[in-house]
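Observations on the model geometry
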Amino acid sequence: MSAMPSIPAIEVQALGKRFGDFAAVSNVSFAVERGEILGFLGPNGAGKSTVIRLLCGLLRPTSGRITVDGIDVGRDPEAVRRRIGYMSQKFSLYSDLSVLENLQFFGGVYGVPRQAIGERIQDALRMAGLAGHADTPVHALAGGWKQRLALGCAILHRPRVLVLDEPTSGVDPLSRRRFWDLIHDLAADGVTVLVSTHHMDEAEYCNRVALIDRGRIVALDTPANIRRRALDGELVEVRGTPLGRLLEALAAYPPVRDAAVFGNAVHALLARAADEAPALAAYLAGRGIGEVAVARIEPTLEDAFVRMIGRQAQGAGGAA
Amino acid sequence: MKLRRLRALAVKELLQVVRDPRSLMLALLMPVMQLFLLGYGVNLDIAHVPVCVYDQEGSPFSQGLFKRVQASPYFRIVRSLHDQREIRQAMDNGSCRMALVVPADFSRQVALQRHAAVQAIVDATDDNTATLAAAYANAVVAGFANDVRLDLVERTSGLPLLPAPVAQQSRVWFNEDLESRNFIIPGVVALVLALVGAQLTSLTIAREWERGTMELLVSTPVTPMELLVGKLAPYFAIGLLDGLICLAFAVFWFHVPFRGTLLALLFATSLFLLVVLCVGYFVSVAIPNQIGASQIALFLTIMPISLLSGYAFPIDQMPAAIRLLTYGIYARYYVTILKALFLKGSSLHELWLPVLALAGYAAAMVGLAARAFRKRIG
């Protein structure tokens, strides 16, 4: 709040990180506004965690620049760390310490003023739903409780920026839902949140989503815009058995631009669904695929993602 | 450095040690165990050597000699024999390590002020014990003979007699009882502190890596210097506590004299602990798993310290090249200081050279350790 509103909370410019010959992150640039929730979406190993670790100053970038609140991570990493609350992918609180002892430790190392710490710990306990469990050893907590405690520890020093690396992996759906409610509350208070996930449905909770694949940002937009724009056509859901033969048949049919299995159906991309769907149904009818049903559907983020990654792979293949 | 962060780190570290049975045992039980093991195990003295006597005379006079032998702490008369052959048997079956044979004309020879020979037969399979036993037996018999002679002359002349005009009197300084325990135990304190200090700290960084807590710790604004100081502070306190425990056992259990001041001991121990803790920390930074780190720390402390610090094996008796090598072993200086404090009661002022050397080592190690840790992962 003290900084000028024109400076983005996080700004990343042409970021690159190589591990030997492997380019984990290539030419990544983005900016996150104050109070915004930006989601990093992508498969495991896409480079989400690497970008996050670079942002927290845990890794040194090979190229590019990161600023948090206008402060360069490379130049003054400690000043940036004071402004960031970080939740790592792997649970990294002290299991042999109690809930309260963990909170006291992180309050101490983040230099939370002594007169404020008691109240903030109470806030964190309330927020995490851990009131009355202050003396429970952390190793005895269930997954969802651990995640909420980790979030509690990460916000004790009231950071302006919250960086969460797959905070909900291994947590049951109800706890996930509750966790996201907390994140929305924090964002409403003006905290900027950068959160990575591989749950496609969670991306819908974000203001904007960056799709990351093989160390690059493939798309960066609101979930709605990504769904709308990623697909160069309209989507139909095709049902039929056996699924394998259905997919083969669709892939061999020229008007279908792309086909992928989703659950027990195939999603096929057509230029104009209304015009082409009847011809498609007729084409499939003679191919030994039981009862065929074709229906126009609204694309999900996952459809968009699969289509975009597919296009990237084709582009890479064509260039090679 | 912020005090608030140091405190948070130190409290957390202490809680982890207290809750980890392995660390707790290492911190509190190991020193006492080591002290007992080395205090009793490394013993170059003889005591209570089992002795058989073959009294060919059977007079009150020969009984007087045996009483004298029995009264000495070195010997314990276990059997009375009646035959020369029994001596061989007793030696063979190990029931005695030495046999004293009093000739049939013992009291007559003494009365005539002749040379009265008491034969001592020693089992020399352990040559160290045998040499010492023979020497002590000699001393006991000589003492007895001297008293007898004085007594005799006094009685015949009716005058109190002055002791023999010329007599050799050795005075042993600083370790009057010539107890090897007095020589060894002060050095054992160094070994114990090095072992415990380096072992405990070698786990401190490795534990964070192993349990995955390092990632979050590195993301906090804690500086490497704060991490070093905050993490080592509890071990420093534990080390000093262990030092005091060792001192108490040395003085009250093993009856090793402590003639120096507590303050001097605490000061020298602090310097030594700084070196040892930083060695352990260094190892911990370099080796990110607990088992590996503790092995390396063990190797780096126990080997050079037990062999080259002079705690049990005198440095003066080492070959010149090895002697030169001992100047590089920091424990050497501490052992020198410990022995001087315990046995001589020297002041730090008199010990300025080893104190300075130890302080130099401490400064260098703290500098290295502070630089060792980089706040990066991977």
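Because the structure is predicted, anything quoted here is derived from the model rather than measured. (Residues numbered from 1 in each chain as written. Chains lettered and ligands numbered in written order. Predicted model: local features only at pLDDT ≥ 70, side-chain atom pairs only at ≥ 80, totals over all residues. Heavy atoms only, no water.)

Another point: the sheet that holds strand E1 (residues 49–55) of chain B. Working definition: the strands of a sheet are paired by backbone hydrogen bonds and lie parallel or antiparallel to each other. Residue and element names in this part refer to chain B. Strand order across the open sheet formed by four strands is E2-E1-E3-E4, with mixed pairing between neighbours. The open sheet has two edge strands, strand E2 (75–81) and strand E4 (119–122), and neither has a second partner. Strand-to-strand, the axes of this sheet are offset by a mean angle of 25 degrees, without reference to chain direction. Bridge analysis of E1 against strand E3 (residues 98–102) gives five bridges, and the strand direction is parallel. By the bridge assignment, Val51 is partnered in E3 with Met98. In this fold helix H3 (residues 60–71) packs onto E1, E2 and E3, with an angle of close to 145 degrees to the strand it touches most, E2. (Pairing = 2+ DSSP bridges. Helix = DSSP H or I, 4+ residues; strand = E, 2+ residues; numbered from the N terminus. Axes fitted to C-alpha atoms, helices over the stretch in contact; angles between N-to-C directions. Contact = heavy atoms within 4.5 Å.)

All right, on to the confidence of the model for chain B then. In this model, chain B carries a mean pLDDT of 84, and residues with pLDDT of at least 70 account for 91%. Mean pLDDT values over the elements of chain B span from 75, in helix H6 (residues 127–157) of chain B, up to 94, in helix H1 (residues 3–19) of chain B. (pLDDT = per-residue confidence, 0-100.)

So, on to the domain arrangement of chain A. What the domain assignment lists for chain A is domain 1 (10–225) and domain 2 (232–298). Taking the mean C-alpha position of each, domain 1 of chain A and domain 2 of chain A sit 40 Å from one another. (Domains from an automatic or database assignment.)

Okay, empty space enclosed by the protein next. Residue and element names in this part refer to chain A. Considering all chains together, one arrives at five cavities of 30 Å³ or more under this definition. Taken as a whole, the largest cavity holds about 80 Å³ of empty space. Looking at the lining of the largest cavity, the elements that each hand over two or more residues are strand E12 (258–262), strand E13 (265–270) and helix H11 (301–319). Ranked by residue count, the leading element in the lining of the largest cavity is E12, at four residues. Residue classes in the lining of the largest cavity are distributed as seven nonpolar, one polar and three charged. Roughly 60 Å³ of internal volume is contained in the second largest cavity. Sorting the residues of the lining of the second largest cavity by element identifies strand E6 (84–87) and helix H5 (143–154) as the ones contributing at least two each. Split into classes, the residues belonging to the lining of the second largest cavity amount to six nonpolar, four polar and one charged. (1 Å grid on protein atoms, 1.4 Å probe; cavity = no way out; pocket = protein on both sides within 12 Å on 5 of 7 lines; lining within 4 Å. Points joined across faces, edges and corners; volume = space filled by probe spheres on them. Nonpolar A, V, L, I, M, F, W, Y, C, P; charged D, E, K, R; others polar.)

This part takes up the interface of chain B and chain A. Opposite the 24 residues of chain B that make contact, chain A presents 30 residues. For the pairing of chain B and chain A, the buried interface totals around 2,700 Å² over both sides, and the portion due to carbon and sulfur atoms is 56%. For the chain B face of the interface with chain A, the top three residues by lost area are Arg4, Leu216 and Arg376 of chain B, together amounting to 26%. The interface formed by chain B and chain A contains three salt bridges. Linking chain B with chain A are 10 residue pairs in polar contact (both at pLDDT 80 or more), by the criterion used here. Counting residues per element, the side of chain B that touches chain A draws most heavily on H1 of chain B, which supplies nine residues. Split by residue class, the side of chain B that touches chain A holds nine nonpolar, five polar and 10 charged. (Buried area = accessible area lost by both parts, 1.4 Å probe. Salt bridge = Lys/Arg side-chain N within 4 Å of Asp/Glu carboxyl O. Polar contact = N/O pair within 3.5 Å; in protein donor to acceptor, adjacent residues only side chain to side chain.)

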